[in-house]
Amino acid sequence: MLHLVNKSPFERNTLEACLKRATKGSSILLYEDAVYAALQGTTLAAAMAQAAKTHEIYVLTPDLTARGLDAASVLDGVRPVDYDGFVDLTADKGTVQSWL
Amino acid sequence: MLHLVNKSPFERNTLEACLKRATKGSSILLYEDAVYAALQGTTLAAAMAQAAKTHEIYVLTPDLTARGLDAASVLDGVRPVDYDGFVDLTADKGTVQSWL
Amino acid sequence: MSVESDNSAEPKVKRFMYVNRKAPHGTVYALEVLEMVLISAMFEQDVHLTFLDDGVFQIKKGQNPSVLEMKDFSKTYRALDGYGIEKVFVEKESMEERGLSQDDLIIPVEIIGREELGALMESMDVVLSA
Amino acid sequence: MSVESDNSAEPKVKRFMYVNRKAPHGTVYALEVLEMVLISAMFEQDVHLTFLDDGVFQIKKGQNPSVLEMKDFSKTYRALDGYGIEKVFVEKESMEERGLSQDDLIIPVEIIGREELGALMESMDVVLSA
Amino acid sequence: MKYAILVNEGPFNHQASDSAYQFAKSALQKGHEVLRVFFYYDGVLNGTKHSAPQADDRNIVKRWSELGKDYHLDLAVCVAAGLRRGITEEVVAPGFRITGLGQLVEAGIDADRTIVFGD
Amino acid sequence: MKYAILVNEGPFNHQASDSAYQFAKSALQKGHEVLRVFFYYDGVLNGTKHSAPQADDRNIVKRWSELGKDYHLDLAVCVAAGLRRGITEEVVAPGFRITGLGQLVEAGIDADRTIVFGD
């Protein structure tokens, strides 16, 4: 299963809501403003690094680039993908759930 | 000064953001989905009871009624007002800031 | 995993889930999801309705949005059963965090734990959220 | 307290604050607030621009939304000075929580603490937020 | 008191326009003045004449038009935000007018209080 | 793969419509099929022909129309959500059609994957 999260974890509860329910080993793609959750050095970095141990966490690179961020600023264990990779994830991981 | 908060504190950070900056003694009106912050018995009730000691906290009754809540379910120290009271608060408390 | 599409003559029945995470009235989502659920009942799919996080407030008893001249759609939840929508789930933890119990709800529901809800989501073919 | 309206011949100068709390690109608010700020510069008011919470990301260096075919308005912040918008504040705590420092910002700003920001808000006549 | 009201969101999706309407109505009934209701961001969508909600629901656009008529309100829709979202002279509802963003700043200057309703 | 795409939000205010477009374009270029793009809630606002953004910005409505034309996409706008928000036959943009909500459920049944883009 693939979970989609698109909101900043500093502003909304959607990433937290997703992590509470997503089963171990399921995949989570962070895109739009949710890419801020993938950054090193924030107050959420430790929790995200932990989450990356139990879930496959991906981040959408064009949404990073748009916001002045790059793969180098992303936490270890979070995997950058572009839109082709986004499409591949939806094909490969089964049902897709958007956390809105 | 009057601060307006209209989002559920379970979903967004706006009430928290407001409480972090609102000066002691300033007034806060909870309306729309923010009325859930005024309820007894939630995980936020203790923090809200505390906030009501340093700020004048108001809650909009028609937004309570719409959601199946009433003044009896509201925390002690939180003051119910209707739309007339909302207007009076904006007139009496000075500049109005919406936390969006 | 999703049911793959095929060309057999049998009608496809998929596991649909409507996820309700938002409070009613502050936004229109609760109302328009409900309209979607009613329509979907006509397609004889395996429909699941879940209420979690602030979505549990959607089925709180005693709502009266007419004081704000807003549409009172909460009664429609009671009609779901008549439309054959019988799988209605509410997450236990979400209710507890908000100080709600089953007595506060408009309709009888199945109360499930957070972990169980995650597994249920995992078993769906189509998940629609708003 | 607000400046009360009067009929004197002097032009009214009010303390305006534009509050930016939201990240750019995920929503249009950052862009449309900026359009509002540019217009307000023509009215010779005492304009204050504040960035707090996710709003600090609006003035992060190196933004390139053209990869998403979206409009790159971040360069406009550099033009604010030319429009006479000189009072630009960023909240220290918001930057720290997000791992940002002044070097990460597009424009020079005044960095102020949370408490000081609260007092500054309290001193305004008009607060516009989005 | 003289009020300026800013509406940031469109009808139905968010309660903002409902709240702004209830607030404006109460303020006017109490004898206050509403100098201008300014519609910005998605708020411009309140100004479409094509909105036709179900009969058992409120008609948000019409309600603004009527309040505007009853109290001679200035219902101002931002031209730039409107162009983005398809709210142009062709579709603007009775009682609304399309104008520049400067009118919001002017209202903020002239009013005793500026109140923002948004998401 | 066969995709159904649901767009919950209007153009500009939220990135949802941009993301849905980029996703659909990538999926189509990779040879996947998009059975239907369904516009619901404020998503119906993507279907107005009156949207005229500034020249240096993307034209979200036109871009959907063109993608629809290039790939023979079904761009379906919900009639009930559209009526609420003033998206009717008078204003609907080329390549979009107004239809019932059942078409979303049908697309969900027929597609291998349903992807929701929202706020």
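Just above sits the structure.
Just so we're clear, the structure is a prediction, and the values are computed from it rather than from any experiment.

Q: In this structure, what is going on with the overall build of chain E? I would like to understand it.
A: Looking only at helices and strands, chain E features 4 helices and 5 strands. Its C-alpha atoms put chain E at 35 × 30 × 25 Å along the principal axes. Taking all 119 residues of chain E together, the buried fraction comes to 74%. Pairs at least 24 residues apart make up 78% of the contacts formed inside chain E by residues separated by at least 6 positions. On chain E, roughly 3400 Å² of surface is accessible, and the fraction owed to carbon and sulfur atoms is 48%. Treating the 13 positive side-chain charges of chain E as one cloud and the 15 negative ones as another, the clouds have centres 3 Å apart.

Q: Explain the sheet that holds strand E4 (residues 110–112) of chain D here, please?
A: By definition, the strands of a sheet pair up through backbone hydrogen bonds, in either a parallel or an antiparallel sense. All names here are of chain D. The parallel open sheet is built from 5 strands, whose spatial order is E4-E3-E2-E1-E5. Of all strands in the sheet, those bounded by a partner on one side alone are E4 and strand E5 (126–129). Strand-to-strand twist in this sheet, taken as the mean axis angle between neighbours without regard to direction, amounts to 25 degrees. Relative to E4, strand E3 (residues 87–91) runs parallel, the two being bridged by 3 bridges. Paired with Val90 across the two strands is Ile111, which belongs to E4.

Q: I would appreciate a short explanation of unusual backbone geometry in the present structure.
A: In the Ramachandran plot, B:Glu32 falls in the positive-phi region, its phi being about 50 degrees despite a non-glycine side chain. Assessed through its relative accessible area of 1%, B:Glu32 is described here as buried. A positive phi angle is found at F:Phe12, which is not glycine, with a value near 75 degrees. Here F:Phe12 lies in the loop between strand E1 (2–7) and helix H1 (16–29). What makes F:Phe12 buried here is its relative accessible area of 3%.

Q: Help me out: how do you make sense of the layout of surface pockets in this one?
A: By rolling a water-sized probe across the atoms, one finds the places where empty space is left. Of the volumes computed, that of the largest pocket is approximately 570 Å³. For the lining of the largest pocket, the elements supplying multiple residues, two or more each, are helix H1 (14–21) of chain A together with helix H1 (14–21) and helix H2 (45–54) of chain B. Top element by residues in the lining of the largest pocket is H1(B). It accounts for 5 residues. Taken together, the residues of the lining of the largest pocket break down into 11 nonpolar, 3 polar and 15 charged.

Q: Help me out: how do you make sense of the nonpolar core in this one?
A: A:Leu30, B:Leu30, E:Trp64 and F:Trp64 are the most contacted members of the largest nonpolar core, which totals 261 residues. Beyond its immediate chain neighbours, meaning those up to four positions away, E:Trp64 contacts E:Val7, E:Ser17, E:Ala20, E:Tyr21, E:Ala24, E:Val37, E:Phe39, E:Asn46, E:Leu75 and E:Phe96.

Q: Explain the pattern of salt bridges to me, please; I cannot follow it from the model alone.
A: Between side chains of opposite charge, a pair can form as their charged atoms come close. Tallied over the entire structure, the rule returns 65 salt bridges over all chains. Close ionic contact of D:Arg21 with D:Asp53 constitutes a salt bridge, the shortest N to O distance being 2.8 Å. Of the two residues, D:Arg21 is situated in the loop between strand E1 (15–20) and helix H1 (29–40) and D:Asp53 in the loop between strand E2 (46–51) and helix H2 (76–79); the sequence distance between them amounts to 32 residues. The exposure classification of D:Arg21 matches that of D:Asp53, with both residues buried. As a salt-bridge pair, E:Arg85 and E:Asp42 come within 2.6 Å of each other at their nearest N and O atoms. Taken together, the positions of E:Arg85 in helix H3 (residues 79–85) and E:Asp42 in the loop between strand E2 (33–39) and helix H2 (60–71) put the pair 43 residues apart, joining distant regions of the chain. Residue E:Asp42 is classed as buried on the basis of its relative accessible area, which comes to 3%. In the salt-bridge network here, residues are joined through shared partners; they are A:Arg21, C:Arg21, C:Asp53, C:Asp54, C:Glu91, C:Glu97, C:Arg98 and C:Arg114.

Q: What is the right way to read the interface of chain C and chain F from this model?
A: Often, the extent of an interface is quoted as the loss of accessible area upon association of its parts. Counting residues at the interface gives 27 residues for chain C and 25 residues for chain F. Between chain C and chain F, a total of about 2000 Å² is buried, with carbon and sulfur atoms accounting for 53% of that surface. Our count for the chain C to chain F interface comes out at 4 salt bridges. Among the salt bridges present, the one from F:Arg85 reaches C:Glu32, with a minimum N-O distance of 2.9 Å. Taken together, chain C and chain F are joined by 10 residue pairs in polar contact (both at pLDDT 80 or more). Those elements giving two or more residues to the side of chain C that touches chain F turn out to be strand E1 (15–20), helix H1 (29–40) and strand E5 (126–129) of chain C.

Conventions used here
- Residues numbered from 1 in each chain as written.
- Chains lettered and ligands numbered in written order.
- Predicted model: local features only at pLDDT ≥ 70, side-chain atom pairs only at ≥ 80, totals over all residues.
- Heavy atoms only, no water.
- Helix = DSSP H or I, 4+ residues; strand = E, 2+ residues; numbered from the N terminus.
- Buried < 20%, exposed > 50% of the residue type's maximum accessible area, 1.4 Å probe, protein only.
- Contact = heavy atoms within 4.5 Å.
- Areas by Shrake-Rupley, 256 points an atom, 1.4 Å probe, with all protein chains shown as cover.
- Lys, Arg positive; Asp, Glu negative; His and termini not counted.
- Charge placed at Lys NZ, Arg CZ, Asp CG, Glu CD.
- Pairing = 2+ DSSP bridges.
- Axes fitted to C-alpha atoms, helices over the stretch in contact; angles between N-to-C directions.
- 1 Å grid on protein atoms, 1.4 Å probe; cavity = no way out; pocket = protein on both sides within 12 Å on 5 of 7 lines; lining within 4 Å.
- Points joined across faces, edges and corners; volume = space filled by probe spheres on them.
- Nonpolar A, V, L, I, M, F, W, Y, C, P; charged D, E, K, R; others polar.
- Core = buried A, V, L, I, M, F, W, Y, C linked by side-chain atoms within 4.5 Å.
- Salt bridge = Lys/Arg side-chain N within 4 Å of Asp/Glu carboxyl O.
- Buried area = accessible area lost by both parts, 1.4 Å probe.
- Polar contact = N/O pair within 3.5 Å; in protein donor to acceptor, adjacent residues only side chain to side chain.

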